[in-house]
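Spelled out, the chains give:
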Amino acid sequence: MTFQNYIGGKWKPSSSQETFLNINPANTDDLIGTFPQSTTSDVQEAAEAAREAYKTWRLMPAPKRGDIMRKAGMILESRKDELAREMTREMGKVFAETKGDVQEGIDTAYYAATEGRRLFGHTVPSELPNKFAMSIRQPIGVAGCITPWNFPLAIPTWKIFPALLCGNTVVFKPAMETPKTAHLFVEVLIEAGVPEGVINLVHGGDEAGKAVVDNPHINLISFTGSSQTGAIVAQNCAKQHKRVSLEMGGKNAVVLMDDADLKLALDGVIWGAFGTTGQRCTATSRLLLHEAIHDQFLEMLVKRAEQLKLGDGNQEGTDVGPVINDAQLQRILNYIEIGKSEGATCLIGGKRASGKGLEKGYFIEPTIFTDVKPEHRIAQEEIFGPVLSVIKFKTFDEAVQILNGVRYGLSSSLYTKNVNLAFQAMRDFEAGITYINAPTIGAEAHLPFGGVKETGNGHREGGWQVYEFFSETKTIYVDFSGTLQRAQIDNYDK
Ligand code: UN1
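What comes next concerns the included structure. (Residues numbered from 1 in each chain as written. Predicted model: local features only at pLDDT ≥ 70, side-chain atom pairs only at ≥ 80, totals over all residues. Heavy atoms only, no water.)

## Here we look at a nonpolar patch on the surface
Moving on, step 1. There is a patch of nonpolar side chains on the surface, built from Leu 21, Ile 23 and Leu 31 and spanning about 260 Å² of accessible area.
Moving on, step 2. Mapped onto the fold, Ile 23 is located in strand E3 (residues 19–23).
Moving on, step 3. Looking at Ile 23, the relative accessible area reads 33%, which means it is partly exposed. (Patch = residues over 30% accessible without salt bridge, like charges linked within 9 Å, V, L, I, M, F, W, Y side chains within 5 Å. Areas by Shrake-Rupley, 256 points an atom, 1.4 Å probe, with all protein chains shown as cover. Salt bridge = Lys/Arg side-chain N within 4 Å of Asp/Glu carboxyl O. Helix = DSSP H or I, 4+ residues; strand = E, 2+ residues; numbered from the N terminus. Buried < 20%, exposed > 50% of the residue type's maximum accessible area, 1.4 Å probe, protein only.)

## Looking at the sheet that holds strand E12 (residues 252–256)
Moving on, step 1. Strand order in the open sheet made by the 7 strands is E14-E15-E16-E13-E12-E18-E19, with mixed pairing throughout. Edge positions in the sheet fall to strand E14 (345–348) and strand E19 (433–436), since each has one partner strand and no second. Within the sheet, the average angular offset between the axes of one strand and its neighbour, ignoring direction, is 25°.
Moving on, step 2. As paired strands, strand E18 (residues 411–415) and E19 are joined by 4 bridges and run parallel to one another. Considered in E19, the bridge of Ser 411 is made with Ile 433.
Moving on, step 3. Lying over the sheet, helix H12 (residues 396–404) contacts E12, strand E13 (284–290), strand E16 (387–393) and E18, oriented at roughly 145° with respect to E16. (Pairing = 2+ DSSP bridges. Axes fitted to C-alpha atoms, helices over the stretch in contact; angles between N-to-C directions. Contact = heavy atoms within 4.5 Å.)

## A closer look at the sheet that holds strand E5 (residues 122–125)
Moving on, step 1. If you trace the 3 strands from one edge of the open sheet to the other, you get E5-E6-E21, paired in antiparallel fashion. The two strands at the open ends of the sheet, each matched to only one other strand, are E5 and strand E21 (472–479). The mean angle between the axes of side-by-side strands here comes to 20°, regardless of whether they run parallel or antiparallel.
Moving on, step 2. One ladder, built from 4 bridges, connects E5 with strand E6 (residues 131–138); its direction is antiparallel.

In structure tokens form, the structure reads like this:
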């Protein structure tokens with residue numbers, strides 16, 4: 001199957017005629033399709049189409065735009081299983097999880113639909129008589145949305161639904177690993193009634209991504225990806241005074257106190273560390289264990305992790321799918337070697353998985369390291385794979401210090417029955433998200449999502465906050481006094 005870009009309402013190949021392959025990471029013999037390797041000039045064409053379409057899209061009443069989002073949500077709902085199958089085939093995580101990914105898109109659509117009837121501004125009293133003062137929200141222009149492969153539907157919806165609802169038009173550059181999901185999503189948007197030029201899809205890699213960031217027709221950038229790429233995106237946006245939202249890495253920890261419900265925590269840690277094969281920015285990649293329950297919990301954890309069944313995510317009974325590609329596989333194996341060489345103990349896993357049905361995929365055994373020191377690289381750097389680093393601590397204060405002692409600050413978690421400690425964690429964990437008695441993954445679409453420190457740049461996705469990113473505030477004064485009223489002067493110095 002040969003897929004195309006979608007620009008100005010037309011499906012077309014890249015002007016370069018070049019393509020790239022999309023391959024199933026669970027079975028590299030399974031070729032999903034070829035996709036256009038887009039160039040700067042393809043992006044330019046998309047940006048111009050979006051700029052043109054903006055002229056009318058911005059004027060459609062927001063509740064009406066919301067109706068289109070609702071329709072998109074309904075289509076996603078009716079195609080949930082079919083989309084999830086394709087997504088699993090393309091990026092590997094298990095079917096139940098890709099269904100969750102689609103559900104997150106559905107939730108985001110319905111939230112956007114209702115937001116069309118809110119998009120609140122403020123009305124406040126003026127300091128002068130017979131004067132009306134308010135702020136309203138306006139669209140900004142063309143939004144460039146650059147998205148990753150690990151949530152190939154949810155993350156594009158997090159950006160594109162609010163962008164469109166606010167009245168912006170979109171140039172969408174999805175990850176090269178998940179172009180099929182992007183294609184299907186754009187088909188859904190078209191069917192829902194998004195007009196020509198309002199959504200433009202440009203496939204490709206670095207050249208296309210860079211062209212989106214640099215294009216003068218594109219007014220704002222919403223990027224999810226690595227902190228390294230995010231820094232380049234931010235620098236290039238700064239040069240153009242372009243608004244940019246960055247959602248980047250994480251090194252999330254669960255803190256397990258000695259009074260915690262260990263069975264509950266076991267379920268949570270397994271899910272947080274090995275769900276999505278550890279390939280979430282919210283993944284539990286560090287486990288901080290109180291010394292009093294350290295050995296007992298590790299024993300429980302290893303026993304459970306050993307039972308996880310690796311395989312094709314579309315096959316019944318699979319718990320953990322492959323990692324996304326060979327480069328990522330090598331990167332994770334390299335981190336495992338680093339962990340060993342720094343003196344941590346690899347309790348289980350630690351290698352590429354072999355066995356029936358795994359020969360043709362990128363499978364890594366769920367891996368648990370103990371004797372990890374907070375300063376070890378496997379406790380500091382984002383691995384983005386099924387690798388959990390376990391660190392022992394003595395006191396809650398020490399755990400807070402270890403949790404906070406990394407560059408990132410996305411998600412965090414505390415298991416305890418002590419309400420005082422729970423509130424301390426909510427206050428003191430340096431992270432955009434804190435869970436109490438739940439793992440580090442599982443954010444809901446109607447709350448803000450994002451992180452502090454090197455995870456983000458102060459913006460949030462999801463919830464009400466993302467609507468602020470995708471809209472401009474305009475302040476309006478209406479003076480109906482019939483005289484010149486000088487603010488700060490006439491009301492004080494008369
Ligand atoms: C991501 O890891 O990139 O909270 C997004 C979660 C999901 C979203 C994760 N709802 O784990």
